[in-house]
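Coordinate inspection notes
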Amino acid sequence: MKDIAIMVGKRFGLGLVTIVVISVLIFMGVEALPGDVATAILGQSATPETVAAFRKELKLDLPAHVRYFTWLKGFFKGDMGNSLANGRPVAGLIGWRFANTIFLASTAAAIAVPLAIILGIIAALYRESWFDKTISIGTLSAISFPEFFIAYILIALFAVKYQFFPSLAELNNQMPFWKKIYTILLPSLTLTFIVTAHMMRQTRAAIINILASPFIEMAQLKGLKKLRVIVLHAFPNALSPVINVVALNLAYLVVGVVIVEVVFVYPGLGQLLVDSVSKRDIPVVQASGLIFAIVYVMLNLLADVLSIISNPRLRNPR
Amino acid sequence: MAFVKSLRKIPFTARIGFFIILLNVAVSLLAPVISPYGETAIVNDVWMPSSEKNWMGTDQLGRDVFTRMLYGARNTISIAFITTLLSFTTGITFGFIAATLGGWLDQLLSRIVDILMAFPTLIFALMVLSLVGTSVPVLIIVIALLDSTRVYRLSRAVAMDIEVMEFVEAARLRGERTWWLMRHEILPNAMPPLVAEFGLRFCFVFLFIASLSFLGLGIQPPTADWGGMVRENAGAITFGILTPLWPAAAIAFLTVGVNLVVDWILHIASGLKD
């Protein structure tokens, strides 16, 4: 037990260090700009007064490390400064959009995770069958297709030809829950399609790996029933890699939403990030980039920790 | 003769893959010759359906979609190819250096790569582009840097395995330099997995550039590129006009082709016999 605690502790430490380094990098990005940020953003024609006012707005007159800690403290207190584009507080812009992104990603995950695990297990059990082959063709295409291709095919089919669903996912807070689900069904199906392919492929590989190990052969040679071998012998050992696969793909999902959000004009954090990048609205880009990075690192961390905890060999050391 | 014999053994799927890749390369090279109009010439009304004059119809400004597709192949594929080459040279060089020299240098490089890989690629690229603005050289350097981390990991791992073999030891005792060892002993033996990885990385880079262009942050108009064409014509789809699906399908088509070949190379590299 002690070993596990140490391992988990180490991973947490590493995750924390990663987040700190990322936050420094995000912050330093502005510093590393050639020339002055203010002139770079405002353009060469800006008057010295505007530049000075702008520098004050960005607090560029203070030394770098002071600004970094003020920025980081503000970030965790929910005060992320003001948007350069419209002067509104960044926290207000990000708040409900982040909730929307999480809503979209978790709806997709709720469909994709069970689907991928079940299909992956079936494909592994009936290897080289027509089912397995169909699945591998499906995964190959899902990996090769850009997200927007899948999204526009779905729109062309289900929103334009047969008008089942809206082509734009216009969400607002007054909608009842099921109406919200209905609105975001096409974007979440797009995400499901992409994530399921990856998850299924890795689940299949993990299970096949386990089925090839000597203890499974032993169980089969003892004459145990196939179902018993799978449920009691293979599954507990496959759990660790499968959980790992799921958590890693959730991390991928949170970042993968960016393009899907843009296609469906969904009011999420990814859409905000892309808009702010083209407007060069640095405070918004920094804050939303850091949020994405933190969620991503946390989910990767979760994948690591869960796979340590769920590994029978680590849990029961000799 | 042996070469012809090995060509015959290529499975059907890999042949399709090769055909798709060759087709795309040919189209990219010959774009100015075979395209009926100029890259940015306005030839007809907006969003016309396909006709004798415009095989794939026209786009949101009345330009010929077929012409734009051909030029798009040229621009998108060449930029993705250059990026992958750069990513590979960087990744392999540092990976081999880390594996052969080891010590603090290996530690330093590997930790830097760990941090870069902990950061979601798309978000990183978006942040850099927001700071330095969008241009093709920036695009190539940023994506190559991000992508070289994966190449680094693989080439370091492969080189680690080769580095401990007797022939490397023999060459080292002969007094060969590290650079010579890397080029003449490690690189040839690391080729099969690296070639397969090149295909995979190309797919990733190609899709990544297409995605950035789709977001309006990649290759800038009026240069024709497939991702940007999807973005420009996206509005048409709500009227039932399928113009944006052409370039999107072309991206998928090439990626499938490369993946088919990669699968075959991976199969050979894994040493499995049929």
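For the structure, check the block above.
Residues numbered from 1 in each chain as written. Chains lettered and ligands numbered in written order. Predicted model: local features only at pLDDT ≥ 70, side-chain atom pairs only at ≥ 80, totals over all residues.

1. Considerations on the overall build of chain A
On a plain count of helices and strands, chain A comes out with 14 helices and 0 strands. For chain A, the sequential pattern of α-helices and β-strands runs α-α-α-α-α-α-α-α-α-α-α-α-α-α. Across its three principal axes, chain A shows a C-alpha extent of roughly 85 × 60 × 35 Å. By the burial criterion, 39% of the 318 residues in chain A qualify as buried. Sequence separation of 24 or more characterises 71% of the internal contacts of chain A that already satisfy a separation of 6 or more. (Helix = DSSP H or I, 4+ residues; strand = E, 2+ residues; numbered from the N terminus. Buried ≥ 20, exposed ≤ 12 C-beta atoms within 10 Å, placed from the backbone. Contact = placed C-beta atoms within 7 Å.)

2. Things to note about the interface of chain B and chain A
Contacts between the two partners involve 33 residues from chain B and, on the opposite side, 38 residues from chain A. The set of elements that each furnish at least two residues to the side of chain B that touches chain A consists of α4 (103–118), α5 (121–132), α8 (178–214) and α10 (245–269) of chain B. Considering every element that reaches the side of chain B that touches chain A, the biggest residue donor is α10 of chain B, with 8 residues.

3. Structural notes on helix α3 (residues 65–101) of chain B
The α-helix advances 3.6 residues per turn, and as a result positions three or four apart in sequence lie on the same side. Residue and element names in this part refer to chain B. The end-to-end C-alpha distance of α3, which contains 37 residues, comes to 52 Å, matching closely the 54 Å that a straight helix rising 1.5 Å per residue would cover. For α3, a buried count of 27 out of 37 residues is recorded, marking the element as mostly surrounded by other parts of the structure. Once α3 finishes, G102 follows within two positions and takes phi at roughly 60°, a positive value. (Expected span 1.5 Å × (residues − 1).)

4. Comments concerning the packing of α8 of chain B against α10 of chain B
All names here are of chain B. It is the contact of α8 with α10, at a shortest axis distance of 8 Å, that shows an interaxial angle of 165°. Considered as vectors, α8 and α10 are oriented roughly antiparallel to each other. Crossing of α8 over α10 shows left-handed handedness. Contact with α8, carried on its side by P192, P193, V195, A196, G199, L200, F202, C203, F206, L207 and A210, involves I251, T255, V258, N259, V261, V262, I265, L266, I268 and A269 of α10 and no other residues of that element. In the contact of α8 with α10, the residues fall into 18 nonpolar, 3 polar and no charged. (Axes fitted to C-alpha atoms, helices over the stretch in contact; angles between N-to-C directions. Parallel < 35°, antiparallel > 145°, perpendicular 65-115°, else oblique. Left-handed = near helix turned anticlockwise from the far one by under 90°. Nonpolar A, V, L, I, M, F, W, Y, C, P; charged D, E, K, R; others polar.)

5. Things to note about the environment of L253 of chain A
All names here are of chain A. Assignment of secondary structure puts L253 in helix α11 (residues 226–263). With 24 C-beta atoms counted inside 10 Å, the residue L253 sits in the buried group. Taking the C-alpha atoms as reference, L253 lies 8.9 Å from S106; in sequence the two are 147 residues apart. Aside from chain neighbours lying at most four places away, what touches L253 is A105, A108, A109, L191 and V195.

6. Quick word on the environment of S83 of chain A
Looking at the element boundaries, S83 of chain A is found in the loop between α4 (64–77) and α5 (90–125). Sequence separation between S83 of chain A and I282 of chain A is 199 residues; the distance between their C-alpha atoms is 7.8 Å.

7. What about the nonpolar core?
Among the nonpolar cores identified, the biggest contains 142 residues, and A125, L126, I143 and I209 of chain B are the most heavily contacted of them. Examining the composition of this core, we find that 18 residues originate from one element, α11 of chain A, more than from any other. With sequence-adjacent residues up to four places away left out, A125 of chain B is seen in contact with V142, I143, L146 and L212 of chain B. Among the nonpolar cores identified, the runner-up in size contains 16 residues, and A98, A99, M182 and I186 of chain B belong to it. (Core = buried A, V, L, I, M, F, W, Y, C linked by C-beta atoms within 7 Å.)

8. Some details on the packing of α5 of chain A against helix α12 (residues 269–279) of chain A
All names here are of chain A. In the contact formed by α5 and α12, the axes pass within 7 Å of each other and the chain directions differ by 130°. Between α5 and α12, the crossing angle belongs to the class labelled oblique. Only L269, G270 and L272 of α12 make contact with α5, whose side of the interface consists of L93, I94, R97, F98 and T101. In terms of residue class, the contact of α5 with α12 is made up of 5 nonpolar, 2 polar and 1 charged.

9. Brief notes about helix α6 (residues 136–163) of chain B
For α6 of chain B, built from 28 residues, the straight-helix expectation of 40 Å at 1.5 Å per residue is met to within 8% by its first-to-last C-alpha distance of 38 Å. The largest bend along α6 of chain B reaches roughly 30° and is located at S148 of chain B. (Bend = angle between axes of the 7 residues up to and from the residue.)

All quantities given are derived from atomic positions and should not be read as evidence of function.
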